[in-house]
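Below are the chains, spelled out letter by letter.
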Amino acid sequence: MTKFRILAALTSALASALILATPLAFAASQKNIVVIGATAQSAPEIIKQALEQGRKVIALARRPEAVTSAGHPNLKIIKGDVREPATIESALKGDEVVISLIGPRVDPRVELAAMDLYTVGTANIAAAMKKKGNKKLIVTSSIGAEHVVTEKPKGTELRDMWLWNGRKLYADMSAMEKMMPGLGLQYIILRPGFMLDQPAANNIKIAVDNTAPKGAGPIVTFVDFANFTLTQVDSDQYNSKAVSIFSDVQSEWGKNLDFDAMLKMRQSQGPMENGPAAANK
Ligand SMILES: NC(=O)c1ccc[n+]([C@@H]2O[C@H](COP(=O)([O-])OP(=O)(O)OC[C@H]3O[C@@H](n4cnc5c(N)ncnc54)[C@H](OP(=O)(O)O)[C@@H]3O)[C@@H](O)[C@H]2O)c1
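Residues numbered from 1 in each chain as written. Predicted model: local features only at pLDDT ≥ 70, side-chain atom pairs only at ≥ 80, totals over all residues.

Asker: Now, about the site of the ligand: what can you tell me, with residues and values included?
Answerer: Within the structure, the ligand sits among 24 residues, and Gly37, Ala40, Ser42, Gly103 and Ser142 are positioned closest to it. Its residues placed into classes, the shell around the ligand shows 10 nonpolar, 9 polar and 5 charged. (Near = placed C-beta within 6 Å. Nonpolar A, V, L, I, M, F, W, Y, C, P; charged D, E, K, R; others polar.)

Asker: An account of the sheet that holds strand E3 (residues 75–79) is requested, with residue identities and associated values reported.
Answerer: Sheet strands line up and pair through hydrogen bonds in the backbone, either parallel or antiparallel. Here we have 8 strands laid out as an open sheet, ordered E3-E2-E1-E4-E5-E6-E10-E8, and mixed in their pairing. Only two strands of the sheet have a single partner each, and these edge strands are E3 and strand E8 (205–208). Each adjacent strand pair in this sheet contributes to an overall mean axis angle of 20°, direction not counted. Pairing analysis gives 5 bridges linking strand E6 (residues 186–192) to strand E10 (residues 241–246), with the strands arranged parallel. Residue pairing for E10: Ile188 is matched across the bridge by Lys241. (Pairing = 2+ DSSP bridges. Helix = DSSP H or I, 4+ residues; strand = E, 2+ residues; numbered from the N terminus. Axes fitted to C-alpha atoms, helices over the stretch in contact; angles between N-to-C directions.)

Asker: Lay out the pairing of strand E5 (residues 136–140) with the relevant residues and their values.
Answerer: By the criterion of burial, E5 is predominantly enclosed, with 5 of the 5 residues buried. Side chains Lys136, Ile138 and Thr140 project from E5 onto one buried face, and the interleaved Leu137 and Val139 project onto a second face that is buried too. Pairing analysis gives 3 bridges linking strand E4 (residues 97–100) to E5, with the strands arranged parallel. Directly across from Ile99, in E5, lies its bridge partner Ile138. Following the chain from E4 across helix H4 (residues 117–132) to the adjacent parallel E5, one finds a crossover that is right-handed. Of the pairings in the sheet, the one linking E5 to E6 comprises 5 bridges and is parallel in character. Bridged to Leu137 within E6 is Tyr187. (Buried ≥ 20, exposed ≤ 12 C-beta atoms within 10 Å, placed from the backbone. Right-handed = clockwise from strand over helix to strand, strands pointing away.)

Asker: Go over the packing of H4 against helix H6 (residues 167–179), please, and point to the residues and values.
Answerer: Where H4 contacts H6, the axes come no closer than 7 Å and their chain directions differ by 30°. Residues Leu117, Tyr118, Thr119, Thr122 and Ala123 of H4 lie in contact with H6, whose contacting residues are Asp172, Met173, Ala175, Met176 and Met179. (Contact = placed C-beta atoms within 7 Å.)

Asker: Please set out the environment of Arg159 residue by residue, giving values where relevant.
Answerer: By the element assignment, Arg159 lies in helix H5 (residues 158–165). Arg159 gets classed as partly exposed once you count the C-beta atoms within 10 Å, which come to 17.

Asker: Account for unusual backbone geometry, naming residues and giving values.
Answerer: Backbone geometry places Asp209, a non-glycine residue, at a positive phi of 60°. If you trace the backbone, Asp209 turns up in the loop between E8 and strand E9 (220–221). What makes Asp209 partly exposed here is the crowd of 14 C-beta atoms within 10 Å. If you check the backbone angles, Ser240 has positive phi at about 65° while not being a glycine. By the element assignment, Ser240 lies in the loop between helix H7 (222–234) and E10.

Asker: Just give me the short version of H4, but keep the residues and values in it.
Answerer: Here H4 is 16 residues long and its end C-alpha atoms lie 22 Å apart, about the 22 Å a rise of 1.5 Å per residue gives. If you check which residues of H4 are buried, you get Leu117, Tyr118, Gly121, Thr122, Asn124, Ile125, Ala126, Ala128 and Met129. For H4, the elements touching its buried residues are strand E1 (33–36), helix H3 (85–91), E4, E5 and H6. Remark: Gly133 follows H4 within two positions and exhibits a positive phi of approximately 100°. (Expected span 1.5 Å × (residues − 1).)

Asker: Give a detailed account of the nonpolar core, specifying residues and quantitative values.
Answerer: Core analysis: the largest hydrophobic core is formed by 62 residues, its most contacted members being Val35, Ile36, Ala59 and Leu60. Not counting residues up to four positions away in its chain, the partners in contact with Val35 are Ala43, Ile46, Ile47, Val57, Ala59, Leu60, Ile99 and Leu101. (Core = buried A, V, L, I, M, F, W, Y, C linked by C-beta atoms within 7 Å.)

Asker: So, the environment of Val34: which residues are in play, and what are the values?
Answerer: Mapped onto the elements of the fold, Val34 is located in strand E1. Considering only alpha carbons, one finds Val34 and Leu92, 58 residues apart in sequence, at a separation of 7.2 Å. Discounting chain neighbours no more than four positions away, the residues touching Val34 are Ile58, Leu60, Ala91, Leu92, Glu96 and Val98.

Asker: An account of the packing of helix H2 (residues 43–52) against H7 is needed here, citing residue identities and associated values.
Answerer: Between H2 and H7, the shortest axis-to-axis distance is 8 Å and the interhelical angle comes to 55°. Looking at the two axes, H2 sits oblique to H7. Once H2 is placed against H7, the crossing between them reads as right-handed. From H2, Glu45, Ile46, Gln49 and Ala50 reach across to H7, where they touch Phe222, Val223, Ala226, Asn227, Thr229 and Leu230. Of the residues belonging to the contact of H2 with H7, the class tally is 6 nonpolar, 3 polar and 1 charged. (Parallel < 35°, antiparallel > 145°, perpendicular 65-115°, else oblique. Left-handed = near helix turned anticlockwise from the far one by under 90°.)

Below you can see the structure in the form of structure tokens.
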């Protein structure tokens, strides 16, 4: 074999090794995730995209039978409740990034009672993570949590009434946001606008901390939200930040937002949680 042929063979072997090694290296840089509140409307897309990316996913849900992508070999579904710390601990191995999608099942046509799901649930998640060794927590809050409404709006537009009727819910989200720096974890707070089940629009805009422009169109798709959320799993770019997620598409009740359909869907999942039990808190 000539020197040239030996060199060519070595180069070709090296190229093959690199081609083989590249997908492995890519997969290795991706972290596995635990999705808490895995029956949330936003969960199916996060779970689906994460599995497509080759991640292992652990899904914690109060209604495990309703978790999507069931049967996938990289998906483990666990029945749990963030008010029951042992169930959270049972879902964590210790090296996953935890994504919390928890939110109460409420009917915002009536004034909501005081809430503590976000604060109590997140404190329980953080305690379980520290016990098991998990380092990074991504929580979802909402656009609107940065300026909780304190005066009843004069108009009766549903959006204004929502912010008013749900002000104690937003106050709980806001209190959770304030808790985050003291939890001793890496964290990112995601504040999505209204999310819709539509094809990817690739139109997400973000604003860090309280810099979302007033009047920003809050509509984003679940697909784009999932994509953004999973990017944050492996990135430290927004660690310790609150990130508002919106677009140029304005929300219009009765047009791109169907309140009745949203309410019907939530009612079909179980009893509303803004009733007497919540009112006693
Ligand atoms: N969807 C939007 O347009 C929007 C807009 C702004 C902000 N957000 C926020 O973003 C997050 C995700 O939104 P989403 O609409 O996908 O959520 P969602 O459909 O309201 O679902 C909330 C999830 O939290 C779970 N949950 C409630 N209490 C729990 C508990 N004690 N233990 C364990 N799980 C519990 C629910 O379980 P069940 O299925 O058993 O009820 C459900 O899986 C929420 O915090 C929401 O408030 C959503």
